Amino acid sequence: MRMLITVLMTVVTVATIVRPVTAADVDAAKVREAIGQAVKYLKAKQGPRGKWSGFLGNQGGTTALAALALINCGEDPKEEHLRKALAYLSTLRSRETYVVALQTMVLCAADPELYRTKIATNARWLEAQQIRTGSKKGAWSYGSERGGNGDPSNTQFALLALHEAQEAGVRIKRNTWQMALDYWLDMQSPGGGWKYYRDDRSDSGSMTCAGIASLVIASERLEEGDASVSGQDINCCGRAKTTKARDAIVRGTQWLAKHFTVYSNPGKGSFWFYYLYGVERVGRLTGQRFIGDKDWYRRGAAMFLKTRSLGRLSPYWKGKGPGENDPVIGTSLALLFLSKGQRPVLMAKLQHGTNDDWNRHRKDAANLTRYVEGKWKQRLTWQVINSQKAEVDDLLQTPVLYISGRDDLKLSTLQKKILRKYIDAGGFIFAENCCGGTGFDKAFRAFVEEMFPDSKLRLLPKSHPIWYAEERIDPDDLRPLWGIEACCRTSVVYCPENLSCHWELARSRSGEPYDAAVQKKVQAALSIGINVLAYATNRQLRDKLDVPTQTVDAPAAKSDRGTLYVVKLEHSGGGDEAPNALPNLLRAAGANLKLRINTKQRLISITDKQLFKYHIAFMHGRRSFRLSDQERVALKKFIERGGFLLVDSICASREFTAAFRREMKLVFPNHELLPIPKSDAMFTRHYGGEDITTVTRREPQRRREKDARLDVKTRRVPPAMEGVRIDDRYGVIFSPYDMSCALENHESLECRGYGRRDAARIGLNMLLYALHQ
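Per-chain numbering applies: the sequence of each chain, read as written, is numbered from 1 onward. Only residues with pLDDT of at least 70 get local features here, since the model is predicted, and only at 80 or more are side-chain atom pairs given and counted; chain-wide, interface and lining totals rely on the full set of residues. Water and hydrogen atoms play no part in the side-chain values, which are based on all heavy atoms of the structure.

Chemist: Describe in detail the state of the cysteines, supporting the description with residues and values.
Modeler: Cysteine sulfur atoms are paired as a disulfide whenever they fall within 2.5 Å. A full pass over the atoms with the stated rule returns three disulfides. With a sulfur-sulfur separation of 2.0 Å, Cys236 is cross-linked through a disulfide to Cys501. Across the S-S bond linking Cys236 and Cys501, the dihedral sits near -85°, which makes this disulfide left-handed. Note that Cys236 is positioned in the loop between strand S2 (233-235) and helix H9 (244-259) and Cys501 in helix H17 (residues 500-504), a separation of 265 residues in sequence. Using a relative accessible area of 0% as the deciding quantity, one classes Cys501 as buried. Here Cys651 is linked by a disulfide to Cys751, with a sulfur-sulfur distance of 1.7 Å. In this description a helix means any DSSP run of H or I spanning at least four residues, a strand means any run of E spanning at least two, and both kinds are numbered starting from the N terminus. Buried residues are those whose accessible area, probed at 1.4 Å on protein chains only, stays under 20% of the maximum for their type, while exposed residues exceed 50% and partly exposed ones sit between those limits.

Structure, rendered in structure tokens:
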């Protein structure tokens, strides 16, 4: 459940080639280590009967909070500590709002089917406890045992629990959401924030986060969407009216951006970790990577790494104020921030233009992401990227850039260049023309033609793996998909018909199922969406804190002396189909081998006399080809005079492999192209490289069943290299498995070959071997 806010969605550069450009010096490995240590701490602190003691311990609140943190950290609910905790919580009868709410959230996270009865019982109790009269109408108090007036904190937790209960299939009354929404609107301060008490001196970060998240949740259940269904008719682009709730969310987000910090609870000081748990919720529910211009997760993660307490058992956290100064509660809140905020980014929606044309269906990306989460059994998130502020590194934070529109696609020359660099660095564009518009269709096709002058949009055939990468689609429900082949794969996919409208409808607002014909169309659109995402990502998503691997050329040397040049050979079998493979390999060599290397691509004919000025040549392809007699003579002379040729078959192309083996027989009739022994020194550190005697190779799996999804298996194997030996050295080394696509940062579902890291390691070892000959 997420709502898209169209204001304050800004992107700034957060990463460079080597490390993040941010005050938060943090990486994914450090965060994973901290999470693992804190998980051990919580397990060690668990007491008899699966309980955790602490501030809320007598009624089970601390136990529920700790269990919720462990589940969100990826711990199996069947694991011993959680099994004991769930056995206790599933039978616990409490009459306190915090406890019942946390208990409900834990049971929903653990197994909503198994605990459905208890979840429904708790939801009914929470609904009955909502205040129905007076100035606190719509709020919740501490509960029937502790009483008290309604307050924002209890109300927030009650709504979080009811939200999870409805996600699990429990129907919540519309009036419950309406009263809660009215309460939060009434509690908002003129400046946009929220207080705990109306007469508090200032708004606070924790209550403002509670207000934003609660309004997002309640309004999602109440307000009209941008698409609707009437019988068997689907109405798209029916822009929902701006409401008081949406205005309040925007003003609240503006307040939070102005006062944002990770080192205290703005306006309050205490309840520090409680506030950050709310920050995570706001960022995730609204699809914002940035609050204002601050990367909230990276900054928060860095802060948590710096503020751990080193205990006897393992590191833990203590916050400020009642409750969270208890290490179990403080550690649980820290883990909820770190684990939930760390969810990998599946896709980002491009904010383009000066109006809302880019966002005509505001829940499309959120609903598609939620659908993929269920299918891949993985917690994911989505983001918004502002085209006016994004750099290449920003775009590389997402594996798929989703572009939608009806009227136009206005991009500056610089923005177009950035998008092309994003594709060249391994990115993927998924675009759709929504609402039957002609302006966007015309503009997008012109953009593609300008950015890819050597390629044309082509209608993807039914044999393309994008049609069955994840799910089969009824032929009657197929939509035309057009694509651009770039960098070893289809890197741009465009649908000229509505998809976002049907994604918007993926969740019935009323809770009642659609007409069967409507549901079939919605499902087809979801299947197309998940197929494109599976094809584009190979279901391998980068950790949110991983730094993009975009590389740049080193400063040009003042002199050519001592500079290595590698030339690329032209031929008719796709000699430049992976144009960034060789430059990326050379950049890696410059960075890792400390060599002066010129990374500028030099593509020449085999018969060019300039060939003999080089020591190393590179060649790849993916189609059959045939060399002329003159080319064979020139290539033989180059190698016999001491030259070295490194070759790979793009995506393990059978046609190219067969053609290259044939040509080697013609070029070297007295020297065979033979497998290089696994024991050869080139696969070891002998020449200054790495030990690559065992590497990872990817093998696409053929579909044996009609509805089986396309998948890839990996194997640990020795490098399969072939060579032509001239006297005491290899003059030609050939990989029949793909290296080039991997070097271009693509690990396609279609390609048999090495993974990115090992493709580079193999290439570097081969270059070092050549330099020692």
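Chemist: Tell me what's going on with the packing of helix H4 (residues 97-110) against helix H5 (residues 116-129), and back it up with residues and numbers.
Modeler: Where helices are involved, their axes are fitted lines through C-alpha atoms of the stretch in contact, as for all axes, and angles between N-to-C directions lie from 0 to 180°. Where H4 meets H5, the closest approach of the two axes is 10 Å, and the angle between their N-to-C directions is 150°. Compared by their axis directions, H4 and H5 come out roughly antiparallel. Viewed along their axes, H4 and H5 form a crossing whose handedness is left-handed. The residues of H5 that touch H4, namely those facing Thr97, Val100, Gln103, Thr104, Leu107 and Cys108, are Lys118, Ile119, Asn122, Trp125 and Leu126. Each residue is assigned to one of three groups, with Ala, Val, Leu, Ile, Met, Phe, Trp, Tyr, Cys and Pro labelled nonpolar, Asp, Glu, Lys and Arg labelled charged, and all others, Gly among them, labelled polar. Along the lines of polarity and charge, the residues of the contact of H4 with H5 split into six nonpolar, four polar and one charged. Note on terminology: angles under 35 degrees are roughly parallel, angles over 145 are roughly antiparallel, angles of 65 to 115 are roughly perpendicular, and the others are oblique. Each crossing gets its hand from how the near helix is turned against the far one by less than a right angle, where anticlockwise is left-handed and clockwise is right-handed. For this analysis, residues touch if any pair of their heavy atoms sits within 4.5 Å.

Chemist: Can you explain the packing of aromatic side chains? Please cite residues and give values.
Modeler: The criterion for an aromatic pair is that two Phe, Tyr or Trp rings (for Trp, the six-membered ring) have centres within 6.5 Å, with stacked assigned to planes under 30 degrees apart, edge-to-face to planes over 60 apart and tilted to the rest. This structure, assessed with the given rule, holds 30 aromatic pairs. Ring plane angle 65° and centroid distance 5.0 Å describe the contact between Phe273 and Phe304, whose orientation is recorded as edge-to-face. Taken together, the residues span a long stretch of sequence, with Phe273 in helix H10 (residues 272-286) and Phe304 in helix H11 (residues 296-306) at a distance of 31 residues. Note on Phe273: relative accessible area 1%, which makes it buried. Between Tyr687 and Tyr769, the aromatic rings sit 5.4 Å apart at their centres with planes inclined by 90°, giving edge-to-face as the arrangement. On the criterion of sequence distance, the pair formed by Tyr687 in the loop between strand S16 (673-675) and strand S17 (695-701) and Tyr769 in helix H23 (residues 756-771) is long-range, its members being 82 residues apart. Just as Tyr687 is buried, Tyr769 falls in that class too.

Chemist: Would you mind going over the pairing of S17 in detail, with residue names and values included?
Modeler: Two strands are counted as paired when DSSP detects at least two bridges linking them. Alignment of S17 against strand S18 (residues 711-717), held across seven bridges, turns out to be antiparallel. Each bridged residue has a counterpart across the sheet, and for Pro700 the counterpart in S18 is Val712. Here S17 pairs with strand S21 (residues 753-754) via two bridges, running antiparallel. Looking across to S21, one finds that Arg697 is bridged to Tyr754.

Chemist: Please set out the pattern of salt bridges residue by residue, giving values where relevant.
Modeler: Side chains that differ in charge, positive against negative, can pair when their charged atoms come close. Whenever Lys or Arg places a side-chain nitrogen within 4 Å of a carboxyl oxygen from Asp or Glu, that contact is recorded as a salt bridge. The final tally for this structure, using the stated rule, is 38 salt bridges. Across the pair Asp293 and Lys294 runs a salt bridge whose closest N-O atoms are separated by 2.9 Å. Using a relative accessible area of 45% as the deciding quantity, one classes Asp293 as partly exposed. Each member of the salt-bridge network shares a partner with another, and the members are Asp357, Arg360, Arg406 and Asp407.

Chemist: Describe helix H6 (residues 152-167), with residues and values.
Modeler: Residue pairs spaced three or four apart in an α-helix point in one direction, given the helix's 3.6 residues per turn. For H6, built from 16 residues, the straight-helix expectation of 22 Å at 1.5 Å per residue is met to within 8% by its first-to-last C-alpha distance of 22 Å. Within H6, 14 of the 16 residues are buried, which leaves the element mostly enclosed by the surrounding structure. In this structure Asp151 caps H6, since a side-chain oxygen of it lies 2.9 Å from the backbone nitrogen of Ser153. Count one or two residues on from H6 and you reach Gly169, which has phi positive near 110°. How far a helix is expected to stretch is found by multiplying one less than its residue total by 1.5 Å. Pairing of N or O atoms within 3.5 Å defines a polar contact, subject to two protein rules: one partner must be a possible hydrogen donor and the other a possible acceptor, and residues neighboring in sequence count only if both atoms are side-chain atoms.

Chemist: Quick rundown of the packing of helix H20 (residues 629-640) against helix H21 (residues 654-667)? Include the residues and the values.
Modeler: Running from N to C, H20 and H21 point in directions that differ by 75°, and their axes come no closer than 10 Å. When the interaxial angle is binned, H20 and H21 end up roughly perpendicular. Between H20 and H21, the contacting residues are Arg632, Leu635 and Lys636 on the first element and Glu663, Met664, Leu666 and Val667 on the second. Of the residues that constitute the contact of H20 with H21, the class distribution is four nonpolar, no polar and three charged.

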